[in-house]
Each structure stands twice: as C-alpha cells, then as structure tokens.
Amino acid sequence: GAVVSQHPSWVICKSGTSVKIECRSLDFQATTMFWYRQFPKQSLMLMATSNEGSKATYEQGVEKDKFLINHASLTLSTLTVTSAHPEDSSFYICSARDLVSATSSLYQETQYFGPGTRLLVL
Amino acid sequence: ILNVEQSPQSLHVQEGDSTNFTCSFPSSNFYALHWYRWETAKSPEALFVMTLNGDEKKKGRISATLNTKEGYSYLYIKGSQPEDSATYLCAFGFQGGKLIFGQGTELSVKP
C-alpha cells in the first residue's frame, strides 16, 4: 500500500516552454502533498506544501509564479514549471501524507514519496 | 537556517558486516525525525518516524535510536546484505509535515 506515482519520470524541453509534472497517490487519499527538488550533490529541498482545495504554501526563495502548484483532488497534485530555463534543470520529487494516517497517532507523520522527475531544460 | 548533517557521506562494507551511520540535527524545538531508504530509480522508502527521546525502533535487520537532547539519531544495519545498498536519508520533521533532509549516507555492500 501507500504508493505514489509521478509522471513523467524524465523530460527534456526547450528554454521558455512550460512543463507539468503530476503526482498521484494511487491507493490512499492525501490532503497534503509536498514538492521537493534536488540539485546535484545537494539534499532534497522542500519547495512548497500543497493542500487539497487551497493555495500552496511556498518556501522562501521559491517563486510561486514560476512553479505553479494545483491540488484539485485528494489524489492528484501538479507542479508546472513555467517558462523553464536551464537553471531549472533539476530532480523534482513529490510526497504525500495519507489522510487516514494523518489522524492516527501511530502513523500520522509518515510521508510517501514518488519516484521523481528529472527535468533537463536546453 | 536549520541544518541536518549525515555522516559518513558514503560507506563501503562487506556482506555480513554490521554498520551504522549518524544523523545530527538541532536539539531545540524537536518534533520528529524521519529515516528513509532510497534505491536508485525508485521512490524513497519510509523506514522510521521517531518522536520520543530515547526511542528505539527496529525493522528486520535495521534499527534506529534517537537522542533529542543532544540532537542525533543512529541507524544500524546488522549483517549487511547487497540488497541493503542504497542511500539512507534522515529528515528533521515539523508539525504539518515539512521535512528538512540531510545529504544522505550512500551505502554499498559488496558480496
């Protein structure tokens, strides 16, 4: 159980185009999803917290107009990198918290990750 | 800026060896400490979520301890197997789910 998928797994695009990445919880509902990115030799860095039905909360230094997040349902969040540039090339990965687990004192903090999306902007 | 440090950065052991690595984090305002196992081309797999000082958790041959007063957690692997080869990540967790990750310890187990 607790599987999170991400699509696409990798994408190459031209500078100036927009790229949409999908994050789905396959066998559970997630009120909260998180988007991270990882540059080479660095740790996973939280970009934003995505709450179903409300606006995402962005971390300091992350441009909300550049990284559009939509969390329209309990099983899907999307990250759109608008007008991508080479410096946006990175590994993007999402995680989700199980709605049921979130109310259980035993498992409330466990997050389940997708396999990630590697973006290369030429 | 909150810093989570993991050591060593990489580790090479022989099959059957037991090994351990460290995660250091700020000892103030502690909420939770997460451990993940991340194999190449796969999703990070949740190993443990630890919340109480002195906590010790076990999953098969892998166990973890937590010291929130001094700000460290140890992950132990008993009798390492080649399939244990992966990057092990720890993350300082906030209420609400935000995680601050360390850079990970890359473990390689040779048969």
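What counts and how
Residues numbered from 1 in each chain as written. Chains lettered and ligands numbered in written order. Predicted model: local features only at pLDDT ≥ 70, side-chain atom pairs only at ≥ 80, totals over all residues. Heavy atoms only, no water. Pairing = 2+ DSSP bridges. Helix = DSSP H or I, 4+ residues; strand = E, 2+ residues; numbered from the N terminus. Axes fitted to C-alpha atoms, helices over the stretch in contact; angles between N-to-C directions. Disulfide = S-S within 2.5 Å. Buried < 20%, exposed > 50% of the residue type's maximum accessible area, 1.4 Å probe, protein only. Contact = heavy atoms within 4.5 Å. Buried area = accessible area lost by both parts, 1.4 Å probe. Salt bridge = Lys/Arg side-chain N within 4 Å of Asp/Glu carboxyl O. Phe/Tyr/Trp six-rings, centres within 6.5 Å; stacked < 30°, edge-to-face > 60°. Lys NZ or Arg CZ within 6 Å of the ring centre and 35° of its normal.

Student: Mind laying out the sheet that holds strand β8 (residues 76-81) of chain A, listing which residues take part and the relevant values?
Tutor: Within a sheet, neighbouring strands are paired by backbone hydrogen bonds and run either parallel or antiparallel to one another. Residues and elements named next belong to chain A. Pairing in this open sheet of four strands is antiparallel, and the strands run β1-β3-β8-β7 from one edge to the other. Here the strands that pair on one side only, and so sit at the sheet edges, are β1 (4-7) and β7 (67-73). On average, each strand axis in the sheet is tilted by 15° relative to the strand beside it, whichever way the strands run. Note that β7 and β8 share five bridges and pair antiparallel.

Student: Tell me what's going on with the state of the cysteines, and back it up with residues and numbers.
Tutor: A full pass over the atoms with the stated rule returns two disulfides over all chains. Between the sulfur atoms of A:Cys23 and its disulfide partner A:Cys94 the distance amounts to 2.0 Å. As the torsion about the S-S bond is roughly 85°, the A:Cys23-A:Cys94 disulfide counts as right-handed. A residue pair is termed long-range when its members are at least 10 positions apart, and A:Cys23 in strand β3 (residues 19-25) and A:Cys94 in strand β9 (residues 90-97) qualify at 71 residues. Since its relative accessible area comes to 0%, A:Cys23 is described here as buried. One disulfide bridge connects B:Cys23 with B:Cys90, the sulfur atoms lying 1.9 Å from each other. Measuring the twist about the S-S bond at about 75°, one finds the B:Cys23-B:Cys90 disulfide to be right-handed. You can see B:Cys23 sitting in strand β3 (residues 19-24) and its partner B:Cys90 sitting in strand β9 (residues 86-93), a full 67 residues away along the chain. Considered together, B:Cys23 and B:Cys90 belong to a single accessibility category, that of buried residues. Cysteine A:Cys13 shares no disulfide, and the gap to the nearest cysteine sulfur, in A:Cys94, comes to 18 Å. What makes A:Cys13 buried here is its relative accessible area of 10%.

Student: Can you explain the interface of chain B and chain A? Please cite residues and give values.
Tutor: Counting residues at the interface gives 18 residues for chain B and 20 residues for chain A. A buried area of about 1500 Å², summed over both sides, lies between chain B and chain A, and 57% of it is on carbon and sulfur atoms. At the surface where chain B touches chain A, the tally comes to one salt bridge. Put simply, B:Lys98 and A:Glu59 hold a salt bridge, and the shortest N to O gap is 2.6 Å.

Student: Explain the packing of aromatic side chains to me, using residue names and the numbers behind them.
Tutor: Taken as a whole, this structure holds 15 aromatic pairs over all chains when the rule is applied. Each ring, one from B:Phe25 and one from B:Phe92, has its centre 6.0 Å from the other, and the planes form 45°; the classification is tilted. Of the two residues, B:Phe25 sits in the loop between β3 and β4 (32-38) while B:Phe92 sits in strand β9, which places them 67 residues apart along the sequence. Each of the two residues, B:Phe25 as well as B:Phe92, counts as buried. Relative accessible area serves as the criterion here: at 1%, B:Phe92 is assigned to the buried category. Here the aromatic residues A:Tyr36, A:Phe113, B:Tyr36 and B:Phe101 are joined through ring pairs into a cluster of three or more. The lysine or arginine in question, B:Lys98, covers the ring of B:Phe94, its NZ or CZ lying 5.6 Å from the ring centre.

Geometric descriptors of this kind do not, in isolation, establish any biological role.
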